[in-house]
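Inside the fold
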Amino acid sequence: MGVENQLPYKEGLKIGDRDKNVILLKNFLFQPELLSGVPSETLEIFDENTRKSLIEFQNSANIPATGNLDSQTLEAIWTPKCPYGDTDVAAFTKILHTGWPKNTNLTWAILANPGDKMGFVTSAINFAINEWKETAHVPINFSQVSMDNAPVITVEFDNLKVRMEQEKQPWDNTMVAVTLLKGFKGEAPRRTMQVIFDGLRPWTSSGASVAITKAYDLFANMAHEFGHVCGLNHSQDASALMFPFRKNGARFCKLDDILGIKAMYGI
Ligand SMILES: [Zn+2]
């Protein structure tokens, strides 16, 4: 992970302050082209543009818009996020695609062998599928196939920033995984989905806090991404598995997720 991926860590910074952490904050908030060529003594200053941009971030993260780098803001910056952004409806999980015909057999495969992670990635996928089937009763069957058998769902680890640039999708440092919808969106048999995890990030099978593990919980993030596979978009309910800000250990379908599946599949 390069310097450009470092996140700010110093609590309490506000407009007028000068600190190296302000550079990290600006790297987080702004596109690189806005910062290139600016001398570091200028970058170190917490200016009005930084305050405005931080307020936009605080609004998007549903935390108080203080304009300061307070503890809640630091926590939000350090909370990994899934990049489907629009959570503008209250409560109920939004729909990402029109769902799959009931009892569809969705085939999946792991693309780009993640090496020594293979066993733990397979366990995380099986956990995610089981959670959506057993808790939310999604009426879809899943089966693992090899890449030669044209799987509908592929799961892979790659440089997420590069992939998002290729897809012309927005990217910021909090994004750790994404599910991309491919093929003709309105017609289930021709639809495929790519679940991409940032291979540059540390991943863990532990559900303990990221402050302890210093790595992201693959089971929590896999379960969230498989919610997208089932057709759900993000929820504004912070307890839901489909809430875009992901916490280690938050691996399970909650009421809002179950209601989303029920509405979508009419069950
Ligand atoms: Zn998501």
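See the structure above.
What this report covers is the structure whose coordinates are included nearby. The model shown is predicted, which means the values in this text are computed figures rather than measured ones.

**Considering the packing of helix 6 (residues 118-134) against helix 9 (residues 218-230)**
Two elements in contact, helix 6 and helix 9, have axes whose closest approach is 8 Å; the angle formed by their N-to-C orientations is 50°. Here helix 6 is positioned oblique relative to helix 9, judged by the angle of their axes. Crossing of helix 6 against helix 9: the hand is right-handed. Where helix 6 abuts helix 9, its residues Phe120, Ala124, Ile125, Phe127, Ala128, Ile129, Glu131 and Trp132 lie against Leu218, Phe219, Met222, Ala223, Phe226, Gly227 and Cys230. Within the contact of helix 6 with helix 9, the residues separate by chemical class into 13 nonpolar, one polar and one charged.

**Details of unusual backbone geometry**
The phi dihedral of Asn103 is positive, around 65°, even though this residue is not glycine. Tracing the sequence through the fold places Asn103 in the loop between helix 5 (71-78) and strand 1 (105-110). Asn103 gets classed as exposed once you count the C-beta atoms within 10 Å, which come to 8. With phi around 45°, Ala150 is a residue other than glycine that occupies positive phi space. Within the secondary structure, Ala150 sits in the loop between strand 2 (141-144) and strand 3 (153-158). A count of 11 C-beta atoms within 10 Å places Ala150 in the exposed class.

**With respect to the sheet that holds strand 3**
In any sheet, the strands associate via hydrogen bonds between backbone groups, in a parallel or an antiparallel arrangement. Read across the sheet, five strands follow the order 2-1-3-5-4 without closing on themselves; strand pairing throughout is mixed. The strands lining the two open edges of the sheet, one partner per strand, are strand 2 and strand 4 (177-182). Adjacent strand axes in the sheet meet at a mean angle of 25°, parallel and antiparallel pairs treated alike. Along the sheet, helix 6 makes contact with strand 1, strand 2 and strand 3, crossing strand 1 at roughly 160°. Seen against the sheet, helix 9 touches strand 3, strand 4 and strand 5 (192-198) and runs at an angle of roughly 20° to strand 4.

**A short note on the nonpolar core**
Counting 46 residues, the largest nonpolar core has Ile125, Ala128, Trp132, Ile153, Met222, Phe226 and Cys230 as its most contacted members. Elements represented by at least two residues in this core include exactly strand 1, helix 6, strand 3, strand 4, strand 5, helix 9 and helix 10 (255-265). When residues in this core are grouped by element, the largest group, eight residues, is from helix 9. When near neighbours in sequence (up to four residues on either side) are disregarded, Trp132 contacts Val138, Phe226, Gly227, Cys230 and Cys253.

**Here we look at helix 6**
Here helix 6 is 17 residues long and its end C-alpha atoms lie 24 Å apart, about the 24 Å a rise of 1.5 Å per residue gives. Among the residues of helix 6, those classed as buried are Val121, Ala124, Ile125, Ala128, Ile129, Glu131 and Trp132. What you see down the axis of helix 6 is that its buried residues fit within an arc of 160°, all on one side. The exposed set on the far side of helix 6, more than 90 degrees from its buried face, consists of Gly119 and Glu134. Where helix 6 is buried, its residues contact strand 1, strand 2, strand 3 and helix 9.

Criteria and thresholds
Residues numbered from 1 in each chain as written. Predicted model: local features only at pLDDT ≥ 70, side-chain atom pairs only at ≥ 80, totals over all residues. Axes fitted to C-alpha atoms, helices over the stretch in contact; angles between N-to-C directions. Helix = DSSP H or I, 4+ residues; strand = E, 2+ residues; numbered from the N terminus. Parallel < 35°, antiparallel > 145°, perpendicular 65-115°, else oblique. Left-handed = near helix turned anticlockwise from the far one by under 90°. Contact = placed C-beta atoms within 7 Å. Nonpolar A, V, L, I, M, F, W, Y, C, P; charged D, E, K, R; others polar. Buried ≥ 20, exposed ≤ 12 C-beta atoms within 10 Å, placed from the backbone. Pairing = 2+ DSSP bridges. Core = buried A, V, L, I, M, F, W, Y, C linked by C-beta atoms within 7 Å. Expected span 1.5 Å × (residues − 1). Arc of directions from axis to C-beta.

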